[in-house]
Amino acid sequence: MSDVRAMDEAAIRAVLVDSYRAWEAGDAAGMVADYTADATAIMTGSLRDSREVIRESMALAFAGPLKGSSTYNKQLSLRFVGRDAAIVVSESGILFGGATEVPDTGKVNATWVLEKRDGRWMIAAYHNSPALAPQR
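Residues numbered from 1 in each chain as written. Predicted model: local features only at pLDDT ≥ 70, side-chain atom pairs only at ≥ 80, totals over all residues. Heavy atoms only, no water.

A. The overall build of the chain, seen in detail. The helix and strand inventory of the chain stands at three helices and six strands. Mapped from its N terminus to its C terminus, the chain presents α and β elements in the order α-α-β-β-α-β-β-β-β. The C-alpha atoms of the chain give a radius of gyration of 15 Å, which matches the 14 Å a tight globule of 136 residues would have. Reported as C-alpha extents along the three principal axes, the dimensions of the chain are approximately 40 × 40 × 25 Å. Burial analysis of the chain (136 residues in total) assigns 35% to the buried set. Intrachain contacts of the chain at a sequence separation of at least 6 include 50% that bridge at least 24 residues. Accessible surface computed for the chain: about 7800 Å², of which carbon and sulfur atoms make up 55%. (Helix = DSSP H or I, 4+ residues; strand = E, 2+ residues; numbered from the N terminus. Rg over C-alpha atoms; globule rule 2.2 N^0.38 Å. Buried < 20%, exposed > 50% of the residue type's maximum accessible area, 1.4 Å probe, protein only. Contact = heavy atoms within 4.5 Å. Areas by Shrake-Rupley, 256 points an atom, 1.4 Å probe, with all protein chains shown as cover.)

B. Structural detail: the pairing of strand S6 (residues 120–130). By the bridge criterion, four bridges tie strand S1 (residues 35–43) to S6 in an arrangement that is parallel. Counted as the bridge partner of Ala41 is Tyr126 from S6. Between strand S5 (residues 108–117) and the antiparallel strand that follows it, S6, lie two residues; Asp118 among them carries a positive phi value of about 50 degrees. (Pairing = 2+ DSSP bridges.)

C. View of the pattern of salt bridges. Within this structure, the stated rule accounts for nine salt bridges. In this structure, Arg120 and Asp34 form a salt bridge, with 2.7 Å as the shortest nitrogen-oxygen distance. You can see Arg120 sitting in strand S6 and its partner Asp34 sitting in the loop between helix H2 (28–31) and S1, a full 86 residues away along the chain. Since its relative accessible area comes to 16%, Asp34 is described here as buried. We note a salt bridge from Lys107 to Glu91, for which the minimum N-O separation is 3.8 Å. Separated by 16 residues along the polypeptide, Lys107 in the loop between strand S4 (85–95) and S5 and Glu91 in strand S4 bring together distant segments of the chain. (Salt bridge = Lys/Arg side-chain N within 4 Å of Asp/Glu carboxyl O.)

D. Inspection of the packing of aromatic side chains at higher detail. For the coordinates displayed, the defined rule picks out four aromatic pairs. Among the aromatic residues, ring-to-ring pairing joins Tyr20, Trp112 and Tyr126 into one connected group. (Phe/Tyr/Trp six-rings, centres within 6.5 Å; stacked < 30°, edge-to-face > 60°.)

E. Focus on the pairing of S4. Among the eleven residues of S4, eight are classified as buried, and the element is accordingly described as predominantly covered. Pairing analysis gives ten bridges linking strand S3 (residues 70–80) to S4, with the strands arranged antiparallel. Along S4, the bridge assignment pairs Leu78 with Val88. Between S3 and S4, which pair antiparallel in sequence order, lie four residues; one of them, Gly82, sits at a positive phi of approximately 75 degrees.

F. Main features of the side chain of Ser19. Assignment of secondary structure puts Ser19 in helix H1 (residues 3–24). On the basis of relative accessibility, which here comes to 6%, the residue Ser19 falls in the buried class. Once you skip the residues sitting within four places of it in the chain, Ser19 turns out to touch Met31 and Tyr35.

Shown next, in the form of structure tokens:
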């Protein structure tokens, strides 16, 4: 791997970590600070079609049902699409009320699409879907 790609991977991970930390702080503006203005977020039953819409919905959620929550995130893959785009796939979930584990039924598979604009990696799209519980 080239030094440039290693730096890009580190920058992408930092963008995601910053977003996770802002979530934990209940900071909607901080959570979307690295989203593009035209970012989209698709979750079960909703389409949020701009950074401002995402910020507004997260501010409401942090004041209500997501107050005091944090997230569990496990990166499954990171791959580049050309020079200035990357896709990260993760397993994620919401940790409510001091929980330390997300039950399998609460986990989602998430796709993050990042774009490098003016030398800065930014989140252009996010999508999640419930992960299937392991078959036993």
